[in-house]
Structures are given as C-alpha cells and as structure tokens.
Amino acid sequence: MKELSVKEMHDIKGGSKAAIGLAIVAGITFLIGVIDGFVRPLRCN
C-alpha cells in the first residue's frame, strides 16, 4: 500500500452531485410528509 502525500490527498475527488440532489429531494419529501401530517392527521387503525 502506498502512502499519499498531502498534495495527493488534496487532489482526491470524491462524492457526487447526484448524491447532493438526492439528499435535497429526500429533505423536501420529508418536509412535505410532516406538513401533510399536521394539516391532514389520519387516525391509526
């Protein structure tokens, strides 16, 4: 295994724009669910 220098570690690219987009969509979906729960509460059967 090769040890990386500080410069090589800074040059590593990671993550994805798709992951950020999915996180934003998941957050919006969660907020819509919370708002829907307050506006239209349904009883558990």
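Everything below is about the structure shown above.
No experiment lies behind these values; they were computed from the predicted model shown.

Reading guide: rules and limits
Residues numbered from 1 in each chain as written. Predicted model: local features only at pLDDT ≥ 70, side-chain atom pairs only at ≥ 80, totals over all residues. Heavy atoms only, no water. Helix = DSSP H or I, 4+ residues; strand = E, 2+ residues; numbered from the N terminus. Buried < 20%, exposed > 50% of the residue type's maximum accessible area, 1.4 Å probe, protein only. Areas by Shrake-Rupley, 256 points an atom, 1.4 Å probe, with all protein chains shown as cover. Patch = residues over 30% accessible without salt bridge, like charges linked within 9 Å, V, L, I, M, F, W, Y side chains within 5 Å. Salt bridge = Lys/Arg side-chain N within 4 Å of Asp/Glu carboxyl O. Expected span 1.5 Å × (residues − 1). Polar contact = N/O pair within 3.5 Å; in protein donor to acceptor, adjacent residues only side chain to side chain.

Undergrad: Quick rundown of the overall build of the protein chain? Include the residues and the values.
TA: Looking only at helices and strands, the protein chain has two helices and zero strands in total. By principal-axis analysis of the C-alpha atoms, the protein chain measures approximately 60 × 20 × 15 Å. Split into buried and exposed, the 45 residues of the protein chain put 0% on the buried side. For the protein chain, the accessible surface area stands at approximately 4700 Å², while carbon and sulfur atoms represent 70% of it.

Undergrad: Which residues make up a nonpolar patch on the surface, and what values go with them?
TA: On the surface, a nonpolar cluster with roughly 690 Å² of combined accessible area is contributed by Phe30, Leu31, Val34, Ile35, Phe38 and Val39. Along the chain, the position of Phe30 falls in helix α2 (residues 17-39). On the accessibility criterion, Phe30 (58% relative accessible area) is exposed.

Undergrad: Pulling in residues and values, what's your account of α2?
TA: Helix length check: α2 (23 residues) gives 33 Å between terminal C-alpha atoms against 33 Å at 1.5 Å per residue, within 8%. Of the residues that open α2, the one with a side-chain oxygen 3.1 Å from the backbone nitrogen of Ala18 is Ser16.

Undergrad: Tell me about the pattern of salt bridges, and please be specific about residues and values.
TA: Applying the stated rule across the entire model yields three salt bridges. Among the salt bridges present, the one from Asp11 reaches Lys7, with a minimum N-O distance of 3.0 Å. With a relative accessible area of 44%, Asp11 lands in the partly exposed category. For Arg40, the salt bridge identified is with Asp36, shortest N-O distance 3.2 Å.

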